[in-house]
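# Structural overview for review
Now for the letters of each chain:
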Amino acid sequence: MTNDKIFETEQDFIEQYREECVARYGTPFEDLADHERFFALAELIANKGRAIFPQSHPKGAKKVYYFSLEFLLGPLLDNYLINFGIRDLVADGIKEMGSSLEDLCRQEVDPGLGNGGLGRLAACFLDSMAHEGIAGYGNGMRYRYGLFRQYIEGGRQVERTDNWLANGFPWETRKDGSSVLVRFGGQVVRHEENGKFWFTQEGGEIVRAVPYDVPIIGYGGKVVNKLRLWSAEPYTEDFDLDAFNAGDYARANKFRSDVEAISTILYPNDAGEHGRMLRLKQEYLFVSAGLQTILRTYEREFGSDWEHLGDHVCIHTNDTHPAMCGPELMRILVDEKGVDFELAYKVCKEAISFTNHTVMPEALEKWPINTFRNLLPRLYMFIDEVDRRYRDSLANHLAPNDGNWTNVLQNTAILWDGQVRMANLSIIFSHSVNGVSALHTQILKDSVFHEFYEMIPHRFNNKTNGVTHRRFLCEANPSYSKLITEAIGDVWLDDANELEKLTAFEDDASFLEGMEAAKKADKERLAAYIKETAGVELDTNTVFDVQVKRFHAYKRQLLNVFKVLDIYNRMLKDPSYSPRPTSFIFSGKAAQSYTFAKEVIRLINSVADVINNDERVNDKIKVAFVPNFAVSNAQLIYSAAEISEQISVAGAEASGTSNMKLMMNAAITLGTLDGANIEISELVGPENIKIFGLHADEVEALRASGRYYAWDMYNSDRDRLGRIVDMLTDGTLARLSGNFESIHDYLMVDNDPDLVLRDFHAYAQAWEELTGFYGDRAAWNKAALHNTAKAGYFSSDRTIREYMADIWHI
Ligand SMILES: *Cc1c(COP(=O)(O)O)cnc(C)c1O
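Residues numbered from 1 in each chain as written. Predicted model: local features only at pLDDT ≥ 70, side-chain atom pairs only at ≥ 80, totals over all residues. Heavy atoms only, no water.

### Here's the deal with the overall build of the protein
Operational definition: In this text, helices come from DSSP runs of H or I with a minimum length of four residues, and strands from runs of E with a minimum of two, each type numbered from the N-terminal end. Atoms counted for the radius of gyration: C-alpha only. Globule rule: 2.2 Å times residue count to the power 0.38. When checking whether two residues touch, look at their non-hydrogen atoms; a contact exists if any pair is within 4.5 Å. Only the protein chains shown count as cover for residues, and all accessible areas are computed by the Shrake-Rupley method using a 1.4 Å probe. For the purpose of counting charges, residues Lys and Arg are taken to be positive, whereas Asp and Glu are taken to be negative. His and the chain ends are not included. Taken as the charge location is NZ of Lys, CZ of Arg, CG of Asp or CD of Glu.
What the protein contains, in helices and strands, is 34 helices and 23 strands. The C-alpha radius of gyration of the protein comes to 27 Å, within 12% of the 28 Å expected for a compact globule of 810 residues. Its C-alpha atoms put the protein at 95 × 75 × 65 Å along the principal axes. The contacts in the protein between residues at least 6 apart in sequence include a share of 76% that link residues at least 24 apart. Of the roughly 30,500 Å² of accessible surface on the protein, a fraction of 48% belongs to carbon and sulfur atoms. Treating the 86 positive side-chain charges of the protein as one cloud and the 119 negative ones as another, the clouds have centres 2 Å apart.

The structure is reproduced here in structure tokens:
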């Protein structure tokens, strides 16, 4: 599919590109360095997007604003070219000019404005909203520094600043004219006149929020939406000239650095939010700035018809970070637009919806009331009043003297125990609460938000996550995509359900051979990247077994390491044992303050050091840790994977999305019945996935019984399992940077909270069986193809259509 509105012909592209080079650098294309060529091309393409943007949507179209503190975009050039339908034309043109699109794409920065799954989901949703043709806009933060860059030194994760803006970001446009002011602190003043009263805020600190817009191009190139990212800047230039003249430059610039700190860094997750005033400021800044802009736009279109805001505007809150949307919208409506309190609350609920992303208790965000009230005194008054009315209304839901009353209150009130509970705030201000996989939503209903669910069951719904197949299949895996398009045409880019047509090729020997060749090429591409970045040489004839994701105890990278060590030990002990030759590939970051997760990274690198340097096993197994996991190298890894490790302890992973991306790329899942793995398993059938381990209800029952003992596991299998536990502390793995006492204690003193030892044997056996099956190449390729064929359901296009139908009512 080509879009002739963009470039008439290849020659037309070449001409425009040459002109852009000269206009930008005053130098012809031939004399430019690759990074300059990239910037000129980016400018040319971005301008095409900007030209389409203003007339993208009909007047009066319902708008969705997707509020998320994270958007993990990944590089954009290739994505834009695919969505404009001009990738081949541009690639050919550049080739004709004596360069290559791939080389230019390598120049692009990968903006790390997110931690992992949650931020990537937001980015996939932007792509799909534009594809579905709706006016769907992202609202987030423009962090000066993205998530840290990860380096490995002596096996350890080392963090360095991600100065992603150092060379400029070609896709953004600064919009000074759309700046808004945001106030922190100060006092609330009550006014009264003729029996009416109202409040104003005075004093405090006023910050200027400046938006930067990034175009989001829908596939087909007809719709261009935007992602608006906010940056904090000083409102007034309080430069201290005296201090400067006295040589105290830091003091002279303090007014600036204090304010800019708000948008300086992205906080890593998994590390608790407590006491981090800056985080609270970030949350309020992007919420307030976003809402002010929405209301300004709405007022231009509909005047002061505030009552019907929810008919025209959807405000979706991605997790609890934008939870202040509710009270802030009320504040603006009541204080600035003169709307009555009851009506304002009703309007908020109609406009706002909320997605929960995790059942981890430490991730349910809370703020101390005192901190909150000092920073946002007027906002707090609205929260306090809504909480008070909510408590009163409980009396209507529950019979008087119901002994359950305190329990319900304790679990659902916004204010409790000196804290503002952001999840409850989000639910009380929304008309829809959704989980992100069938199991996760069930757990929300059964336990996390059970009391809410009993009272307001209609508010809860499931929206199983999805990923954009245009990026994670078409862009990430050009060789396989080409094969797919040759077989079934290119409509699958538009409609992922078309992938189902691939089932017709499951017994087509020549297609399966082509598929195997494409996978081999992808493995070679990845092997070259791993050699360069990790210094490990992988044999592309081995199975590529992949676990790449954030490091977290519940994701159980540790279980995977145990399996690798088990295979290693067995090979040394029993010369007749011959496992399927395999390359174990790991990648992912651990939050800076998450000691356990960082120790697991060190363990993997230590195991890699031992195994990769042991000639007795080298021809069969190797281990590679790919540093600095991000969207760009994720695309290389997903496409080359053959086994997708999705081994979280059941009930802990809300959905997972790498499971979907890997499935699309024809990797076979080895996983627990957790998150969306369950739905993958139902779709592909038991013969096309390998499931093992305890189920969520069994995990819960085992924990509740209090009868799980890690030492029993250890003692019942001293030979294999016990031996691995011993290796953590006996020096075997210590060469690189010492033993692993803390991991040993986590298992044996803290009693193995994630049931690694409990699931070990089932897992080792499942791996054995799955890799045994790899020998039958035709059967393996058939199962792998079946995974791609069934992956259409996991396109975020489907997810977005469900949000549109059930939550946003578009
Ligand atoms: C998809 C993705 C994730 C999420 O992976 P999970 O295995 O679902 O946790 C994290 N990071 C990046 C860069 C991704 O692309």
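So that's the structure; there's more coming.
### Focus on the layout of surface pockets
Take a probe with the size of a water molecule and roll it over the atoms, and the empty space left behind shows itself. So the rule is basically this: Put plainly, a pocket is an open set of points on a 1 Å grid over the protein atoms alone with protein on both sides within 12 Å along at least five of seven lines, a cavity is a set where a 1.4 Å probe fits but cannot get out, and a lining residue has an atom within 4 Å of a point. Grid points are joined across faces, edges and corners, and a volume is the space filled by probe spheres set on the points. The classification used treats Ala, Val, Leu, Ile, Met, Phe, Trp, Tyr, Cys and Pro as nonpolar, Asp, Glu, Lys and Arg as charged, and all other residues, Gly among them, as polar.
Looking at the second largest pocket, its volume works out to about 760 Å³. Broken down by secondary-structure element, the contributors of at least two residues to the lining of the second largest pocket are strand S1 (63-67), strand S2 (135-141), strand S9 (205-217), strand S10 (224-234) and helix H10 (277-302). Residue contributions to the lining of the second largest pocket peak at 7 residues, all from H10. Within the lining of the second largest pocket, the residues separate by chemical class into 12 nonpolar, 11 polar and 10 charged.

### Structural notes on helix H13 (residues 341-351)
As a reminder of what qualifies: Between buried and exposed lies partly exposed: a residue is buried under 20% and exposed over 50% of the maximum accessible area for its type, with that area taken using a 1.4 Å probe on protein chains only. Summarising the geometry, the arc corresponds to the directions from the helix axis toward the C-beta atoms.
Among the residues of H13, Phe341, Ala344, Val347, Cys348 and Ala351 are the ones counted as buried. Looking straight down H13, one finds its buried side chains confined to an arc of 125 degrees; they lie on one side.

### Observations regarding the sheet that holds strand S15 (residues 419-421)
So the rule is basically this: Note on pairing: DSSP must find at least two bridges between two strands before they are called paired. Here the axes come from fitting lines to C-alpha atoms, over the contacting stretch only for helices, and the angles between their N-to-C directions go from 0 to 180 degrees.
Within the open sheet, the 3 strands sit side by side as S13-S15-S14. Their pairing is antiparallel. Of all strands in the sheet, those bounded by a partner on one side alone are strand S13 (366-368) and strand S14 (415-416). Of the strands in this sheet, S14 and S15 touch helix H16 (residues 405-412), which is tilted by about 85 degrees from S15.

### Section: the pattern of salt bridges
Worth spelling out the cut-off: Each reported salt bridge corresponds to a side-chain nitrogen of Lys or Arg within 4 Å of a carboxyl oxygen of Asp or Glu.
Under the counting rule described, the total for this entry stands at 59 salt bridges. We note a salt bridge from lysine 175 to aspartate 213, for which the minimum N-O separation is 2.8 Å. Here aspartate 213 lies in strand S9 and lysine 175 lies in the loop between strand S5 (173-174) and strand S6 (180-184), a separation of 38 residues in the sequence. You can call lysine 175 partly exposed: its relative accessible area is 31%. Take aspartate 213: its relative accessible area is 4%, and that puts it in the buried class. If you follow the salt bridges from partner to partner, you end up with Glu342, Glu385, Arg388, Arg389 and Asp392 in one network.

### Considering the site of the ligand
Here is the rule we go by: Throughout this document, a residue counts as near a molecule or strand when at least one of its heavy atoms sits within 4 Å of that molecule or strand. For the purposes of these results, a polar contact is taken to be a pair of N or O atoms within 3.5 Å, where, inside protein, one atom must be able to donate a hydrogen and its partner to accept one; residues adjacent in sequence count only when each atom of the pair is a side-chain atom.
Around the ligand, the structure places 13 residues, and the nearest of them are Lys549, Lys555, Thr657, Ser658 and Lys661. At 2.7 Å from an oxygen atom of the ligand is found a side-chain nitrogen or oxygen belonging to lysine 549. When the ligand sits alone it has 390 Å² of accessible area, and the protein chains cover 96% of it. Taken together, the elements giving at least two residues each to the shell around the ligand come down to helix H6 (117-131), helix H25 (631-640) and helix H26 (658-664). Residue classes in the shell around the ligand are distributed as 4 nonpolar, 5 polar and 4 charged.

### Quick word on the packing of helix H1 (residues 10-25) against helix H4 (residues 87-96)
The cut-off we apply is this: Take the far helix as your reference; a near helix turned counterclockwise from it by less than a right angle gives a left-handed crossing, and one turned clockwise gives a right-handed crossing.
Two elements in contact, H1 and H4, have axes whose closest approach is 9 Å; the angle formed by their N-to-C orientations is 65 degrees. Crossing angle aside, the handedness with which H1 passes H4 is right-handed. Between H1 and H4, the residues in contact are Glu10, Gln11, Phe13, Ile14 and Tyr17 and Leu89, Val90, Asp92, Gly93, Ile94 and Glu96, respectively. Broken down by class, the residue content of the contact of H1 with H4 amounts to 6 nonpolar, 2 polar and 3 charged.

### So, the sheet that holds strand S20 (residues 621-626)
Ordered in space as S20-S19-S18-S21-S22-S23, the 6 strands form an open sheet in which the pairing is parallel. Where the open sheet ends on each side, the last strands, each with one partner, are S20 and strand S23 (690-691). Where helix H24 (residues 595-612) meets the sheet, its contacts fall on strand S19 (582-587) and S20, and the angle it forms with S20 comes to roughly 145 degrees.

### Let's talk about the packing of aromatic side chains
Which entries qualify depends on this criterion: Centres within 6.5 Å are what make two rings of Phe, Tyr or Trp a pair, Trp counting through its six-membered ring; a difference in plane orientation under 30 degrees is then read as stacked, over 60 as edge-to-face, and the rest as tilted. Ring-over charges, as used throughout, are those where CZ of Arg or NZ of Lys falls within 6 Å of the ring centre and within 35 degrees of the ring normal.
Summed over all chains, the structure comprises 34 aromatic pairs. Look at tryptophan 164 and phenylalanine 169: their rings are 5.0 Å apart centre to centre, the planes differ by 70 degrees, and that puts the pair in the edge-to-face class. This pair shows no difference in class: tryptophan 164 is buried, exactly as phenylalanine 169 is. Taking 5.9 Å as the distance between ring centres and 70 degrees as the angle between the ring planes, the aromatic pair formed by phenylalanine 472 and tyrosine 638 counts as edge-to-face. You can see phenylalanine 472 sitting in helix H20 (residues 469-475) and its partner tyrosine 638 sitting in helix H25, a full 166 residues away along the chain. Judged by relative accessible area, tyrosine 638 falls into the buried class, the value being 3%. The ring centre of phenylalanine 197 lies 4.3 Å from the NZ or CZ of arginine 190, which sits over that ring. A cation sits over an aromatic face here: lysine 523 above phenylalanine 544, 5.0 Å from the ring centre.

### As for the state of the cysteines
Just so we agree on the cut-off: Criterion for a disulfide: a pair of cysteine sulfur atoms at a distance within 2.5 Å.
Throughout the structure, instances matching the rule amount to 0 disulfides. Here cysteine 474 is not cross-linked by a disulfide; its sulfur's nearest cysteine counterpart is in cysteine 105, at 12 Å. Of the residues examined, cysteine 474 reaches a relative accessible area of 8% and is grouped as buried.

### Some remarks on the environment of leucine 538
Within the element layout of this structure, leucine 538 appears in the loop between helix H22 (509-534) and strand S18 (543-548). Leucine 538 sits in the buried class, given a relative accessible area of 11%. Considered as a pair, leucine 538 and aspartate 619 are 81 residues apart in the sequence and their alpha carbons are 9.7 Å apart.

### Some points on the environment of lysine 48
Note on placement: lysine 48 falls in helix H2 (residues 34-52). Here the alpha-carbon distance between lysine 48 and isoleucine 6, two residues 42 residues apart in the chain, equals 6.9 Å. Setting aside chain neighbours within four positions, we find lysine 48 in contact with Ile6, Phe7, Gln16 and Phe84. Of the polar contacts made by the side chain of lysine 48, one reaches the side chain of glutamine 16; its length is 2.8 Å.

Function cannot be inferred from these measures alone, as they are strictly geometric.
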